[in-house]
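Chain residues, written in single-letter form:
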Amino acid sequence: MSQSGKPGLSGKSFDIPKRLVWEAYLKVRANNGAAGVDQQSLADFAQDEKKNLYKIWNRMSAGSYFPPPVRAVEIPKAGGGVRLLGVPTVADRIAQTAVAMMLEPDVECVFHPDSYGYRPGRSALDAVAVCRERCWREAWVIDLDIQGFFDNVPHKQILAAVDKHTDKSWVLLYVRRWLTAPVQSKTGELEARDRGTPQGSAISPLLTNLFMHYAFDAWLARRYPMIRFERYCDDAIVHCVSEEQAGEIRQAIAERLGQFELRLHPEKTKIVYCYQDSRKDTRTALVEFTFLGYTFRPRRVVTRHGRLRTSFVPAVSKSAKKHMAEEIRGWRLGRRTDLSFGEVATKVNRIVAGWINYYGRFYKAELVAFLANRINQHLVRWAMRKFKHLHRSPAKARARLAQIATDHRGIFVHWRHGALPVGSTMGAV
């Protein structure tokens, strides 16, 4: 079967296995996700699953698959402003996933070990852990922020990189079509694109990693082989031995990105001093940066020998806590008197367990204190509305909640991790 576009034995231009489309569908189904511009949900797609999957395979194999517009969705950023996400249709997500699955093995083997975003066997927490260790060893970092990266990343270099790593012409064909697929706004207007790749598409993370590998990772490793960094998609931290070296490398990175018409954000890109007890104190340098939801800064910690010292460590960031606080308020627990205590716990635990698994990995005490304050006060309000004898007595409601936590600590997942109501004792785990 030809990959060049010439018909093979089946009369199709491209030899695309049906099994690939099926496995891509299973991945998309597992990830769930919203409907695109056609308003077709995964449930709608599944009603005629075989026909819909065959249609995708048939058109891709014939070279006649053209992606529909991507639905634009604005997501508020933690630091203000909005981030534009592109939501493809269900069928388009399946097609993109199929191409990503075909391309990934060819590029994964060349990616840099300090690239962590959207790669098998790697996670954001891995990047945070490595960053922490390197901040202990080297005193200065560059906190990089590429301004409007997903809106401005150039197509030419992405396509060149894809072409370098695949001999399947249909992979390159469809990547080109996805890069230039228009974005549909809320008003229905279509915006053509000659650069950028919308966040939210199934193929975008792989294309981002591929571009950044050549534009940043491999270049930095080649020019400054002793410099270490952690990169997660377009977020990166670069470690330096001195402020002077950090300034030099920041300028070199800015010039390198400028070759692709990208620029470092002038305010969000910072040089930070990783102050801790073993280092000279400086009052003029910045001593804090945020990376992947964790704020790194000097904190008091207890050593393995039980002594207090100042160390440069990560803990849940203010922006992450703000997001969690908004989520907790959105539950409106005080108004959910229709729920039993166990049903409230089920509702809360489903989300809080994920927060603890992520933001509780480092300097857990910061997260525990936040959860104890925010969630427990909402549980007190719920109890006051739920039970008549507690209506006018916050003190009694708090005491009752503390007693429940003492006797049944395992009910709420945050209680199990020490975020207990005031007045409760250790209780049974």
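Before reading further, recall that the structure is shown in the block above.
Residues numbered from 1 in each chain as written. Predicted model: local features only at pLDDT ≥ 70, side-chain atom pairs only at ≥ 80, totals over all residues. Heavy atoms only, no water.

Draft legend 1. The arrangement of the overall build of the protein chain in detail. Helix and strand content of the protein chain: 15 helices and eleven strands. Here the C-alpha coordinates of the protein chain stretch approximately 80 × 60 × 40 Å along the principal axes. Taking all contacts inside the protein chain whose residues are at least 6 apart in sequence as the whole, residues at least 24 apart take part in 65%. Carbon together with sulfur atoms contributes 51% to the accessible area of the protein chain, which is approximately 21600 Å² in total. Treating the 67 positive side-chain charges of the protein chain as one cloud and the 42 negative ones as another, the clouds have centres 8 Å apart. (Helix = DSSP H or I, 4+ residues; strand = E, 2+ residues; numbered from the N terminus. Contact = heavy atoms within 4.5 Å. Areas by Shrake-Rupley, 256 points an atom, 1.4 Å probe, with all protein chains shown as cover. Lys, Arg positive; Asp, Glu negative; His and termini not counted. Charge placed at Lys NZ, Arg CZ, Asp CG, Glu CD.)

Draft legend 2. Quick look at the layout of surface pockets. By volume, the second largest pocket is sized at about 260 Å³. Among the elements of the structure, helix H3 (49-62) and helix H4 (90-108) are those that each provide at least two residues to the lining of the second largest pocket. Per-element tally for the lining of the second largest pocket: the top contributor is H3, with four residues. Tallied by class, the residues present in the lining of the second largest pocket amount to six nonpolar, four polar and four charged. (1 Å grid on protein atoms, 1.4 Å probe; cavity = no way out; pocket = protein on both sides within 12 Å on 5 of 7 lines; lining within 4 Å. Points joined across faces, edges and corners; volume = space filled by probe spheres on them. Nonpolar A, V, L, I, M, F, W, Y, C, P; charged D, E, K, R; others polar.)

Draft legend 3. Spatial organisation of the sheet that holds strand S3 (residues 140-145). Spatial ordering of the open sheet is given by S6-S7-S3-S8, a layout of four strands whose pairing is antiparallel. The strands lining the two open edges of the sheet, one partner per strand, are strand S6 (228-232) and strand S8 (270-273). Averaged over all pairs of adjacent strands, the angle between strand axes in this sheet comes to 20°, irrespective of strand direction. Sheet topology places S3 next to strand S7 (residues 235-240); six bridges connect them, and they run antiparallel. Along S7, the bridge assignment pairs Asp145 with Asp235. Across the sheet, helix H9 (residues 204-223) is in contact with S3, S6 and S7; its angle to S6 comes to roughly 170°. (Pairing = 2+ DSSP bridges. Axes fitted to C-alpha atoms, helices over the stretch in contact; angles between N-to-C directions.)

Draft legend 4. Broad picture of the pairing of S3. Counted residue by residue, S3 has five buried out of six residues, so it is predominantly covered. By the bridge criterion, four bridges tie S3 to S8 in an arrangement that is antiparallel. The residue of S8 that forms the bridge with Trp140 is Tyr273. (Buried < 20%, exposed > 50% of the residue type's maximum accessible area, 1.4 Å probe, protein only.)

Draft legend 5. Looking closely at the packing of H3 against H4. Relative to each other, H3 and H4 sit at 55°, their axes nearing to 10 Å. If you check the angle between H3 and H4, you find them oblique. With respect to the hand of their crossing, H3 and H4 are arranged in right-handed fashion. On H4, the residues that touch Leu53, Ile56 and Met60 of H3 are Ala91, Ile94, Ala95 and Val99. Grouping the constituent residues of the contact of H3 with H4 by class yields seven nonpolar, no polar and no charged. (Parallel < 35°, antiparallel > 145°, perpendicular 65-115°, else oblique. Left-handed = near helix turned anticlockwise from the far one by under 90°.)

Draft legend 6. Structural detail: the nonpolar core. Counting 129 residues, the largest nonpolar core has Ile94, Trp170, Val238 and Phe289 as the members making the most contacts within it. A total of eleven residues in this core trace back to one element, the largest contributor, which is helix H13 (residues 364-386). In this structure, Phe289 is in contact with Cys131, Cys135, Val141, Asp143, Ile237, Val272, Tyr294, Thr295, Phe296 and Phe312, ignoring residues within four places of it in sequence. (Core = buried A, V, L, I, M, F, W, Y, C linked by side-chain atoms within 4.5 Å.)

Draft legend 7. Main features of unusual backbone geometry. Even without glycine at this site, Tyr118 takes up a positive phi of about 55°. Positionally, Tyr118 belongs in the loop between H4 and helix H5 (124-137).

Draft legend 8. View of the sheet that holds strand S9 (residues 289-291). Here we have three strands laid out as an open sheet, ordered S9-S10-S11, and antiparallel in their pairing. Either end of the sheet is taken by a strand with one partner, and the two such strands are S9 and strand S11 (308-316). With direction set aside, neighbouring strand axes in the sheet form an average angle of 50°. Pairing of strand S10 (residues 294-302) with S11, which is carried by nine bridges, proceeds in the antiparallel orientation. Bridge assignment links Pro298 to a residue of S11, and that residue is Phe312.

Draft legend 9. Representation of helix H8 (residues 169-180) within the structure. Compared with an ideal rise of 1.5 Å per residue, which puts twelve residues at 16 Å, H8 spans 17 Å between its outermost C-alpha atoms and is within 8% of the ideal. Taken together, the buried positions of H8 are Trp170, Val171, Leu172, Tyr174, Val175, Arg177, Trp178 and Leu179. (Expected span 1.5 Å × (residues − 1).)

Draft legend 10. Representation of the packing of aromatic side chains in the model. In the structure shown here, the tally under the stated rule is 25 aromatic pairs. Taking 5.2 Å as the distance between ring centres and 90° as the angle between the ring planes, the aromatic pair formed by Phe149 and Phe150 counts as edge-to-face. Its relative accessible area of 11% is what places Phe150 among the buried residues. A centroid spacing of 5.8 Å and a plane angle of 90° characterise the contact between Trp382 and Phe387, whose relative ring orientation is edge-to-face. A residue is classified by how much of its surface remains accessible, and Trp382, at 1% relative accessible area, is buried. Classification of Phe387 by relative accessible area gives partly exposed; the value is 36%. By the ring-pair criterion, three or more aromatic residues cluster together here, those being Phe341, Trp382, Phe387, Phe412 and Trp415. Its end group placed over the ring of Tyr116, Arg122 keeps NZ or CZ at 5.3 Å from the ring centre. Arg177 extends its terminal NZ or CZ atom over the ring of Phe66, reaching a point 3.8 Å from the ring centre. (Phe/Tyr/Trp six-rings, centres within 6.5 Å; stacked < 30°, edge-to-face > 60°. Lys NZ or Arg CZ within 6 Å of the ring centre and 35° of its normal.)

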